[in-house]
Amino acid sequence: MTRSDTAQPEGPSGYREAIDLEFAAATKQYAGTDSPAVDALSLKVPAGEICVLVGPSGCGKTTAMRMVNRMIDITSGDILVGGRSVKDRDVDDLRREIGYVIQQIGLFPHRTIGDNIATVPRLLGWDKHRINARVEELLDLIDLPPEMRKRYPAQLSGGQRQRVGVARALAADPPLMLMDEPFGAIDPINRDRLQNEFLRLQAVVKKTIVFVTHDIDEAIKMGDRIAILQVGGKLAQYAPPAELLLNPANAFVDDFVGADRALKRLSLIRVSEIPRSALGNANGGIEIPDDTPLRTALSELLGRGELHGRVVDEHGEAVGSLSVDAIARLAAGERL
Ligand SMILES: Nc1ncnc2c1ncn2[C@@H]1O[C@H](COP(=O)(O)OP(=O)(O)OP(=O)(O)O)[C@@H](O)[C@H]1O
Ligand SMILES: [Mg+2]
């Protein structure tokens, strides 16, 4: 047998170690078109991180993602998974280590939830016991009761189906996951819940993930790094969310990120991240637990008509005071 990543060592969490991903001037020009859909895309995704591809419709997000598992051929440049060119790989072998969640979930309607989740392990020829154990483990992980494995997709809510789609992609424990607008078709309240669930899941499984969305708020919430693409498949900026909000690389990014980027940035910073020396002396005012995001702290203060609050640590000890003014200076990008 040739060297296969299906034999990779298990990580400390009991899940397979994630691997890194690199786009190296990856370009796709579809036959019969006169400009590329993805134009010399270069970026690195470190192992275990979520990279969000975001941008307007038609900017090449799905194309970029599908070149990774070779559902679309690369015209020029390369994509490396764990340092190896995807072009040198046996396609089946490559896809076995890449979980794929497609835009419309794509569960098989005539198969039970259990059989849906077991799809890839069956293809890999796992024995019955191992498949069974895996299905049970994944149902637990996505927080669905074990008896749901006997149901059919039509008997689940949209959000539950979505979670099964994620479980199916995770079934063979792929080190790399591709997720194309996985929460796109879900109402805002359930989307928020699924996003939170997924982030908790990711803290356990620590996969390398390429996540596509056209929603900048979702990108900021989910991404360790965000790649903003412009129509024509050009990378406008690749940066962690806070940096993107603070220093948009050009007018396109600035516009795409939106006018309330100062407030978005505040939701990424917790009170505990402000140096203690920058806090004022604690005296009176409302209590602000130090794990509160600054955006929440600001709305609490303003909502109660207070100009400052008392910051308390996890033991309830007051550690200083935080003013509306200081939050406003942080929102403007000033370091305290
Ligand atoms: N098979 C194809 N042949 C020719 N052009 C294509 C093909 N598939 C996609 N395109 C074009 O390539 C560009 C990028 O398409 P892609 O599906 O990657 O966009 P996207 O960013 O995923 O868009 P959306 O947000 O709408 O899903 C578009 O202009 C699209 O029309
Ligand atoms: Mg798409």
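Procedures and definitions
- The written sequence of each chain sets the order in which its residues are numbered from 1.
- Lettering for chains starts from A, numbering for ligands starts from 1, and both go in the order in which the items are written.
- The predicted origin of the model limits local features to residues at a pLDDT of at least 70 and limits the giving and counting of side-chain atom pairs to 80 or more, whereas totals for whole chains, interfaces and linings rest on all residues.
- For side-chain calculations, the full set of non-hydrogen atoms in the structure is used, while hydrogens and water are omitted.
- For the domains described, the bounds stem from an automatic or database domain assignment.
- Inter-axis angles, ranging from 0 to 180 degrees, are taken between N-to-C directions of lines fitted to C-alpha atoms, where helices are fitted over the stretch in contact.
- Runs of E in the DSSP output that reach at least two residues are strands. Runs of H or I that reach at least four are helices, and both are numbered from the N terminus.
- Put simply, angles under 35 degrees are roughly parallel, angles over 145 are roughly antiparallel, angles from 65 to 115 are roughly perpendicular, and the rest are oblique.
- Handedness of a helix crossing follows the sense of rotation of the near helix relative to the far helix, less than a right angle counterclockwise being left-handed and clockwise being right-handed.
- Any two residues whose heavy atoms approach within 4.5 Å are treated as being in contact.
- Under the scheme applied, nonpolar residues are Ala, Val, Leu, Ile, Met, Phe, Trp, Tyr, Cys and Pro; charged residues are Asp, Glu, Lys and Arg; polar residues are all the others, including Gly.
- Strand pairing requires that DSSP identify at least two bridges connecting the strands.
- Stacked, tilted and edge-to-face are the three classes applied to pairs of Phe, Tyr and Trp rings, where Trp contributes its six-membered ring and a pair requires centres within 6.5 Å; stacked means planes under 30 degrees apart, edge-to-face means over 60, and tilted covers the rest.
- Counted as over-ring charges are cases with an Arg CZ or a Lys NZ within 6 Å of the ring centre that also lie within 35 degrees of the ring normal.
- Disulfide assignment relies on a single distance test, namely cysteine sulfur atoms paired within 2.5 Å.
- Exposure categories follow from relative accessible area, calculated using a 1.4 Å probe and restricted to protein chains: below 20% of the type maximum is buried, above 50% is exposed, and the middle band is partly exposed.
- To qualify as a nonpolar core, a set must consist of buried Ala, Val, Leu, Ile, Met, Phe, Trp, Tyr and Cys residues joined through side-chain atoms within 4.5 Å.
- A carboxyl oxygen of Asp or Glu within 4 Å of a side-chain nitrogen of Lys or Arg is what we treat as a salt bridge.

(A) Molecular detail of the domain arrangement of the protein chain. Domain assignment breaks the protein chain into domain 1 (5-97 + 174-258) and domain 2 (266-331). Relative placement of domain 1 and domain 2: their C-alpha centres are 35 Å apart.

(B) Representation of the packing of helix α6 (residues 158-170) against helix α7 (residues 188-205). Where α6 contacts α7, the axes come no closer than 11 Å and their chain directions differ by 20°. The angle between α6 and α7 falls in the class roughly parallel. Our pair here, α6 against α7, has a crossing hand that is right-handed. Note on element contacts: α7 touches α6 through R193, L194, E197, F198, L201 and V205, opposite G159, Q162, R163, V166 and L170. Of the residues assigned to the contact of α6 with α7, the class counts are 6 nonpolar, 2 polar and 3 charged.

(C) View of the pairing of strand β10 (residues 234-239). In terms of strand pairing, strand β9 (residues 225-230) meets β10 through 5 bridges, oriented antiparallel. Residue Q230 lies in a different strand from β10, and its bridge partner there is K234. From the end of β9 to the start of β10, which pair antiparallel, there are 3 residues, and G232 there has a positive phi angle of about 105°.

(D) Region of interest: the packing of aromatic side chains. One pass over the structure, following the stated rule, counts 3 aromatic pairs. Taking 5.9 Å as the distance between ring centres and 55° as the angle between the ring planes, the aromatic pair formed by F183 and F211 counts as tilted. Separated by 28 residues along the polypeptide, F183 in the loop between β7 (176-180) and α7 and F211 in strand β8 (residues 208-213) bring together distant segments of the chain. Three or more aromatic residues joined by ring pairs make a cluster, and in this case those are F183, F198 and F211. Just above the ring of F108 sits the side chain of R111; from NZ or CZ to the centre is 4.5 Å. Lying over the aromatic face of F108, R168 brings its terminal NZ or CZ to 5.1 Å of the ring centre.

(E) Examining the state of the cysteines more closely. Counted according to the given criterion, the structure contains 0 disulfides. Looking at the unpaired C51, the closest cysteine sulfur is the one in C59, lying at 12 Å. Judged by relative accessible area, which is 1%, C51 ranks as buried.

(F) Layout of the nonpolar core. Ranked by internal contacts, the top residues of the largest apolar core, which has 46 residues, are I117, F198 and I228. The leading source of residues in this core is α6, at 5 residues. Setting aside residues no more than four positions away along its own chain, F198 makes contact with I50, V166, M179, F183, I209 and M222. Within the second largest apolar cluster, 29 residues are counted, among which are I19, C51, M67 and V210.

(G) Seen up close, the sheet that holds strand β2 (residues 38-45). In space, the 4 strands of this open sheet follow the order β2-β1-β4-β5, with antiparallel pairing throughout. The outermost strands of the open sheet, each flanked by one partner alone, are β2 and β5 (84-85). Pairing of strand β1 (residues 21-28) with β2 involves 5 bridges; the strand directions are antiparallel. For K28, the partnering residue across the bridge sits in β2 and is V38. With respect to the sheet, helix α1 (residues 61-68) is in contact with β1, β2 and β4 (76-81), its orientation differing from that of β1 by roughly 120°.

(H) Summary view of the environment of G223. Relative to the assigned elements, G223 resides in the loop between α8 (216-222) and β9. Contact partners of G223, with chain neighbours within four places excluded, come to I50, V52 and P241.

(I) The arrangement of the sheet that holds strand β12 (residues 308-312) in detail. Taken together, the 3 strands give an open sheet; going across it, the order is β11-β12-β13, and neighbouring strands pair in mixed fashion. Looking along the sheet, the strands with just one partner apiece sit at the ends: β11 (286-289) and β13 (318-323). Strand-to-strand, the axes of this sheet are offset by a mean angle of 35°, without reference to chain direction. Pairing of β11 with β12 involves 4 bridges; the strand directions are parallel.

(J) Local environment of the pattern of salt bridges. Applying the stated rule across the entire model yields 17 salt bridges. Between R122 and D115 there is a salt bridge; the shortest N-O distance is 3.3 Å. Since its relative accessible area comes to 46%, R122 is described here as partly exposed. Using a relative accessible area of 27% as the deciding quantity, one classes D115 as partly exposed.

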